[in-house]
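Commentary on secondary and tertiary structure
If you want the building blocks of each chain, they are given just below.
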Amino acid sequence: MKRKNKIILAVFTFFLIIAIVIIGRTMIGNHFKKKFSKRPPPGIIVTEVTNKQFYESIDTFGTAVSNKTKSFRIKKNELQGELKLNSFIKKGETIVKLNDRNIIAPFDGVLGYTGLTEDILVSDSTIIITLDDNSIIYSDIKIPENYSALIKKDLPIEARVSSYKDKVFNGTIDFVSSRINADTRSLLSRVRIENNELSLMSGSLLEVNVKVNSRDGISIPDTSIIMEGEKSYVYKISKENVAEKTEVKIGARKSGDVEILSGLNVGDIVAAEGLKKIRPMGKIKPINK
């Protein structure tokens, strides 16, 4: 009998402990649920969906060529006085005076010379003077074949040179070849750059960026995008400040912006930063960017 009572007491004690644990966990859970439910919504930086221009870029290289150029070969003993070359000369001005004639500039341009050379057949030294019209710079570039259908006359381009690291020279496509080069699988094109300040020099190596497939598109910051596998999402913010996880289809990227092909409209509000603090369908405190 005593043994039976001990077994009953042990079983009762076991179930009592289980009941106390369950009740305790429930009470603790309700306590924290109540405590955290009072926590204010997180402050999240938001931004408005806008329209921006997007385009694809083709990067290539070319050599700067003057609009016009002319060379004058002069024997040193024909010079009248010391040769003085100005950096710029206008059409009709005297470039240099010789014993029997004067050399007149046939067009506006920058004067220079290639140096003194000893002629093999003549003992006298000669000077080669150059006149370059750099008001317009041309450059032949090669466009990869897969972009050939997009290249057209008057497309905008940007050019840079190493001597002007932060300066951009704007120009256009001036000429497009009628055939693909079978050896290089490229399309020869010529760019034209207005060089009014004469900053570009003939012979310079140009880094050319051609803008193709230019279009207006829906834009958001790239920090708004959540990538999950092959799918992209954003947190779209409702008028009630509720964050709704929304699937979007993205296109091109440009300077920190992403093109949205579907899923959003201009004027929508999306979370721009602090995405890890957001709970789907949870409230936020919007902070305008």
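Definitions and cut-offs
Residues numbered from 1 in each chain as written. Predicted model: local features only at pLDDT ≥ 70, side-chain atom pairs only at ≥ 80, totals over all residues. Heavy atoms only, no water. Helix = DSSP H or I, 4+ residues; strand = E, 2+ residues; numbered from the N terminus. Buried < 20%, exposed > 50% of the residue type's maximum accessible area, 1.4 Å probe, protein only. Contact = heavy atoms within 4.5 Å. Areas by Shrake-Rupley, 256 points an atom, 1.4 Å probe, with all protein chains shown as cover. pLDDT = per-residue confidence, 0-100. Phe/Tyr/Trp six-rings, centres within 6.5 Å; stacked < 30°, edge-to-face > 60°. Lys NZ or Arg CZ within 6 Å of the ring centre and 35° of its normal. Core = buried A, V, L, I, M, F, W, Y, C linked by side-chain atoms within 4.5 Å.

Observations regarding the overall build of the protein chain
A count of helices and strands for the protein chain gives one helix and 17 strands. The buried share of the protein chain, taken over its 289 residues, is 33%. Counted over contacts in the protein chain with a minimum sequence separation of 6, partners at least 24 positions apart contribute 67%. As displayed, the protein chain has an accessible area near 19100 Å², and 53% of this comes from carbon and sulfur atoms.

Things to note about unusual backbone geometry
One non-glycine residue, Asn241, lies in positive phi territory at about 65 degrees. Structurally, Asn241 can be placed in the loop between β13 (231-237) and β14 (243-254). Look at Asn241 and you get partly exposed, because its relative accessible area is 27%. The backbone of Met281 shows a phi angle near 65 degrees, a positive value even though the residue is not glycine. Mapped onto the elements of the fold, Met281 is located in the loop between β16 (269-273) and β17 (285-288).

Notes on the confidence of the model for the protein chain
Across the protein chain, pLDDT averages 85, with 84% of residues at or above 70. Contacts from residues 116-123, a stretch scored under 50 in pLDDT, to residues over four places away or in other chains number eight contacts.

Here's the deal with the packing of aromatic side chains
Taken as a whole and judged by the stated rule, the model has one aromatic pair. Seen in terms of ring centroids, Tyr164 and Phe169 are 6.0 Å apart; in terms of plane orientation they differ by 80 degrees. Their pairing is edge-to-face. For Tyr164, a relative accessible area of 33% puts it in the partly exposed group. Judged by relative accessible area, Phe169 falls into the buried class, the value being 6%. Sitting above the plane of the Tyr164 ring, Lys167 keeps its charged end 5.5 Å from the centroid. Positioned over the ring face of Tyr233 is Lys245, at 5.0 Å from the centre of the ring.

Here's the deal with the environment of Pro41
Tracing the chain through its elements places Pro41 in the loop between α1 (2-37) and β1 (43-48). Given a relative accessible area of 39%, Pro41 falls into the partly exposed group. In the structure, Pro41 is positioned 243 residues away from Ile284 in sequence and 4.8 Å away in space, judged by C-alpha atoms. Ignoring anything within four residues of it in the chain, the contact list for Pro41 reads Lys283, Ile284 and Lys285.

Brief notes about the nonpolar core
The nonpolar side chains of a soluble globular protein tend to be buried with one another. Ranked by size, the top nonpolar core spans 20 residues in total, and within it Ile151, Ile157, Ile193, Leu206 and Val210 carry the most contacts. Looking at this core, the elements with two or more residues in it are β7 (125-144), β8 (156-161), β9 (164-181), β10 (186-194) and β11 (205-221). Top contributing element to this core by residue count: β11, with four residues. Beyond its immediate sequence surroundings of up to four residues, Leu206 is in contact with Thr60, Phe61, Gly62, Ala64, Ile137, Ser139, Arg160, Val161, Ile193 and Leu200. By size, the runner-up hydrophobic cluster in this structure holds 14 residues, among which are Val96, Leu98, Phe107 and Leu111.

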